[in-house]
Amino acid sequence: AAHGWKPGDTSVPGGISFALSLHAAHRDLARVLLNEHREADAIAEMRAAIPFDPSDADLFQMLGGALTDTGDLHGAVTALRRAVELKPDLFTARFDLATALYEEGDAAAALEELQEAKKRNPDLGKLDLADWHYGMGAVLLALPGRESEGLDHLREGLALNPSHPHAGEARAALARAGSAP
C-alpha cells in the first residue's frame, strides 16, 4: 500500500481501472486466439471480458462472429443482437446479424436487418455496398416471389466487386436463372 492502494480497490492512482484493464486483457487475448484459430478458447475469453464492460458492442460482434464460425448460430444471433442494441448504426454488426439469421434459416428476419443496415448507413463505401448487394441477393433468392429482385442485387454486387468471395456463387445463380451478369 505504498501508493495508497488497498486490496479490493478497483482503481489505482492515475485513474486506471482494473475492470477496464481486465476487459482489455480478455478481449485482446481473444483476438490473438482467434488469429490462431482457437475459437473455443477465444469465446471463453470474450465471455470473461463481458462483465467488465457489458457495453462493448465490438466485443459482442466479435463474439457473434466466433460463435458463427463454430456453428452456434443461436448464440451468434444473441450476441449480434446485443451488438446492434448497443450500436444500432454499426453496419457490420447488422450485416453479421443478417448473415447469422439467414444461416439459421430466417431469411425474412435477415432481410429486415439488411434493409435496416442500409437505411442507417445510406453512404456505404464500395466494398460494403457490394457486400450488402450480395447479402440482399442471397436473402431475396431464398424468399418466394422475390427471385428477380435477388438476381438484380447479385448483378449489382458483381458490378461493384467482381472478385468478391461470393462472386462465383452469384454468377452460378444468374446462370441457373438464364440471366447474364
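Up top is the structure.
What counts, and where the lines are drawn
- Residues numbered from 1 in each chain as written.
- Predicted model: local features only at pLDDT ≥ 70, side-chain atom pairs only at ≥ 80, totals over all residues.
- Heavy atoms only, no water.
- Helix = DSSP H or I, 4+ residues; strand = E, 2+ residues; numbered from the N terminus.
- Buried < 20%, exposed > 50% of the residue type's maximum accessible area, 1.4 Å probe, protein only.
- Contact = heavy atoms within 4.5 Å.
- Areas by Shrake-Rupley, 256 points an atom, 1.4 Å probe, with all protein chains shown as cover.
- Core = buried A, V, L, I, M, F, W, Y, C linked by side-chain atoms within 4.5 Å.
- Expected span 1.5 Å × (residues − 1).
- Salt bridge = Lys/Arg side-chain N within 4 Å of Asp/Glu carboxyl O.
- Phe/Tyr/Trp six-rings, centres within 6.5 Å; stacked < 30°, edge-to-face > 60°.
- Lys NZ or Arg CZ within 6 Å of the ring centre and 35° of its normal.

**Q** Hey, could you go over the overall build of the chain for me, with residue numbers and the actual values?
**A** Scanning the chain from terminus to terminus reveals nine helices and two strands. Scanning the chain from its N terminus toward the C terminus, one meets helices and strands in the order β-β-α-α-α-α-α-α-α-α-α. The proportion of buried residues among the 181 residues of the chain is 39%. Within the chain, contacts between residues separated by at least 24 positions form 44% of all contacts whose residues are at least 6 apart in sequence. Surface summary for the chain: the accessible area is close to 9,700 Å², and the carbon and sulfur share equals 55%.

**Q** How would you explain the nonpolar core if you had to name every residue and give the values?
**A** With 38 residues, the main nonpolar core has Met-46, Leu-63, Leu-114 and Val-139 as its most contacted residues. Elements supplying a minimum of two residues to this core: helix H1 (18–35), helix H2 (39–49), helix H3 (57–69), helix H4 (73–86), helix H5 (91–103), helix H6 (107–120) and helix H7 (126–141). A per-element tally of this core places H5 first, with seven residues. Sequence-distant contacts of Leu-114, that is, excluding residues within four places in its chain, are made with Phe-95, Ala-98, Trp-132, Gly-135, Met-136 and Val-139. Ranked by size, the runner-up nonpolar core spans ten residues in total, among them Ala-130, Tyr-134, Ala-167 and Ala-173.

**Q** Hey, could you go over H6 for me, with residue numbers and the actual values?
**A** Since there are 3.6 residues in each turn of an α-helix, residues three or four apart along the chain are aligned in direction. Here H6 is 14 residues long and its end C-alpha atoms lie 20 Å apart, about the 20 Å a rise of 1.5 Å per residue gives. If you check which residues of H6 are buried, you get Ala-107, Ala-109, Ala-110, Leu-111, Glu-113, Leu-114 and Ala-117. Of the surrounding secondary structure, the elements contacted by the buried residues of H6 are H4, H5 and H7.

**Q** Now, about the pattern of salt bridges: what can you tell me, with residues and values included?
**A** All chains considered together, the criterion is met by twelve salt bridges. Two residues, Lys-87 and Asp-58, come together in a salt bridge whose shortest N-O distance is 3.6 Å. Remark: Asp-58 occurs in helix H3 and Lys-87 occurs in the loop between H4 and H5; sequence separation between them is 29 residues. On the basis of relative accessible area, Lys-87 is assigned to the partly exposed category, the value being 37%. Each of Arg-27, Asp-28, Arg-31 and Asp-56 takes part in salt bridges that share partners, so that together they form one network.

**Q** An account of unusual backbone geometry is requested, with residue identities and associated values reported.
**A** The backbone phi angle of His-37 is positive, close to 60°, even though this residue is not glycine. Tracing the backbone through its elements, the reader meets His-37 in the loop between H1 and H2.

**Q** Kindly report on the side chain of Asp-56, identifying the contributing residues and their values.
**A** Along the chain, Asp-56 turns up in the loop between H2 and H3. Of the residues examined, Asp-56 reaches a relative accessible area of 10% and is grouped as buried. Discounting residues that sit within four places of it in the chain, Asp-56 has contacts with His-23, Arg-27 and Leu-86.

**Q** Report on the packing of aromatic side chains, specifying residues and quantitative values.
**A** Applying the stated rule across the entire model yields one aromatic pair. It is Arg-82 that lies over the ring of Phe-60; its NZ or CZ is 5.8 Å from the centre. The positively charged end of Lys-118 is found above the aromatic ring belonging to Trp-132, 5.8 Å away from the centroid.

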